[in-house]
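# Working through the structure, step by step
Given next are the chains, with one letter for each unit.
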Amino acid sequence: MFDLLIIGAGPAGISAAYEAQVGGLTYLVIEKGLIANTVYNYPVGLTVFSTPDELEFNEGDLEPAREKPTREELLSYYVKFVLDNDLNVHTEEAVLAVEQTNDHEFKVTTDKRVYEAENVLFAMGAMDYPRKLNVKGEDLPKVYDHFRETYPWVKKKALIVGGGNSAGEAALFLASEGAETTLAIFRNDWEETDPKQGCIKYWVKDPLEEQLKKRCLNLFFLGKVIEIREDDVVLEDEDGNRQVLENDVVFVLIGSDADLSMLKGLGVKTEEGKYGEVPVYDGETFETNVPGIYVAGHFTNHRHIKAAIEVPKSLISRMAEKSKKTGRAG
Ligand SMILES: Cc1cc2nc3c(=O)[nH]c(=O)nc-3n(C[C@H](O)[C@H](O)[C@H](O)COP(=O)(O)OP(=O)(O)OC[C@H]3O[C@@H](n4cnc5c(N)ncnc54)[C@H](O)[C@@H]3O)c2cc1C
């Protein structure tokens, strides 16, 4: 029986594991992909938008060559942190079900075995269900729901659909490295400048505007995507006019949602948050309405890495304190 079982080895899960180790709790992290899998899936060579103080576990630990780290520097930092601290992480093992067997007793079933824990922290991010356009042709092999790298698409006709930073970054990579790039975006999303609205950040938008001036990028103010076909796409503009664009590859980058089914199965309540459905939890303890079930990270209302790292610090120290007093973390 572990004191704590953590689902997911992203920044939130790694932070929780470290705090659990320091606090003397017995714990295990189960990660279905690799350590920091979401960061691993960032575009190759991306410079992230946060500064080190928003990404590191201990002050001054992350030392990128420039002001902000690249994907590679950040990934290496997270992997090394797990290894150097000898954190108890199982990778490439997926949690399939969590059941409550008693008060503060949970059975956690993975694709490899069954574990028992007094508390379970869901730190599973929000990348499970990439949002779909739900249009004809979206299942063609040339359609991707995430952008990995530019070079396969040099001299190809690429369409990016989306209005947030991921879409902006993909468009910038493609346009500046020689793909014939079209960004299909709602006018509001292009014109939005409030960083809190999840819009394209200015340090991505400014160079995108440069690419527009150089005619390396086309902007299409979208009404809707009508159809994706082998050799072209049919788009409708904001005035309802249809256009057919020749096309080799489509990136649909319109966000993704967490899989809340395990939480709901346990009886955890959910509500509509700013970015979609979120679990209901205590704003201080991050415990849900099911005692012993905690949440942290990207699928809560705190979506950035800084909060994903900070929240487990207080959450776990409270749990460790309780364990010292009562002999039970639950
Ligand atoms: C391209 C890109 C750039 C970004 N840049 C920044 C930035 O500069 N600054 C910033 O603050 N944020 C940035 N973000 C957002 C940032 O990645 C997230 O806020 C962060 O990853 C959240 O950490 P997390 O630990 O909550 O979730 P995640 O990092 O998503 O980790 C969750 C983990 O849980 C695992 N998991 C899920 N389900 C299961 C299961 N059933 N069993 C086992 N494991 C499971 C997943 O594989 C994943 O590894 C960026 C996102 C993208 C896509």
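Residues numbered from 1 in each chain as written. Predicted model: local features only at pLDDT ≥ 70, side-chain atom pairs only at ≥ 80, totals over all residues.

### Brief notes about the domain arrangement of the chain
Examined at the domain level, the chain breaks down into domain 1 (2-128 + 258-326) and domain 2 (130-252). Using C-alpha coordinates to define each centre, domain 1 is positioned 32 Å away from domain 2. Listed by partner, the interface residues are five residues for domain 1 and eight residues for domain 2. Partitioned by chemical class, the residues of the side of domain 1 that touches domain 2 number four nonpolar, one polar and no charged. (Domains from an automatic or database assignment. Contact = placed C-beta atoms within 7 Å. Nonpolar A, V, L, I, M, F, W, Y, C, P; charged D, E, K, R; others polar.)

### Overview of the environment of Phe286
One can find Phe286 in the loop between strand E17 (276-279) and strand E18 (293-295). When the C-alpha atoms of Phe286 and Leu315 are compared, they prove to be 6.9 Å apart, with 29 residues separating the residues in sequence. Once residues lying within four places of it in the same chain are set aside, the contact partners of Phe286 are Tyr281, Tyr294, Val295, Ala296, Val311 and Leu315. (Helix = DSSP H or I, 4+ residues; strand = E, 2+ residues; numbered from the N terminus.)

### Description of the packing of helix H4 (residues 165-176) against helix H6 (residues 202-213)
Interhelical geometry of H4 versus H6 gives an angle of 40 degrees and a closest axis separation of 10 Å. Here H4 is positioned oblique relative to H6, judged by the angle of their axes. Pair H4 / H6 crosses with left-handed handedness. Here Asn165, Gly168, Glu169, Ala171, Leu172, Ala175 and Ser176 of H4 lie close against H6, whose contacting residues are Val204, Lys205, Pro207, Leu208 and Gln211. Partitioned by chemical class, the residues of the contact of H4 with H6 number six nonpolar, four polar and two charged. (Axes fitted to C-alpha atoms, helices over the stretch in contact; angles between N-to-C directions. Parallel < 35°, antiparallel > 145°, perpendicular 65-115°, else oblique. Left-handed = near helix turned anticlockwise from the far one by under 90°.)

### Some words on the sheet that holds strand E9 (residues 157-161)
Ordered in space as E8-E14-E9-E10-E11-E12-E13, the seven strands form an open sheet in which the pairing is mixed. Each having just a single partner strand, strand E8 (143-144) and strand E13 (242-246) make up the two edges of the open sheet. The sheet contact formed by E9 and strand E10 (residues 180-185) spans five bridges and is parallel. Looking at the pairing, Val161 lines up with Ala184 of E10. Most of the contacts of H4 go to E10, to which it runs at about 160 degrees, and overall it touches E9, E10, strand E11 (217-228) and strand E14 (249-252). (Pairing = 2+ DSSP bridges.)

### Observations regarding helix H3 (residues 71-84)
With 14 residues, H3 should cover 20 Å at 1.5 Å per step; its first-to-last C-alpha distance of 20 Å lies within 8% of that length. Within the span of H3, buried status applies to Leu74, Tyr77, Tyr78, Phe81 and Val82. One side of H3 carries all its buried residues, which in axial view fall inside an arc of 125 degrees. For H3, exposure combined with an orientation more than 90 degrees from the buried face picks out Lys80, Leu83 and Asp84. Of the residues one or two after H3, Asp86 is the one with positive phi, at around 50 degrees. (Expected span 1.5 Å × (residues − 1). Buried ≥ 20, exposed ≤ 12 C-beta atoms within 10 Å, placed from the backbone. Arc of directions from axis to C-beta.)

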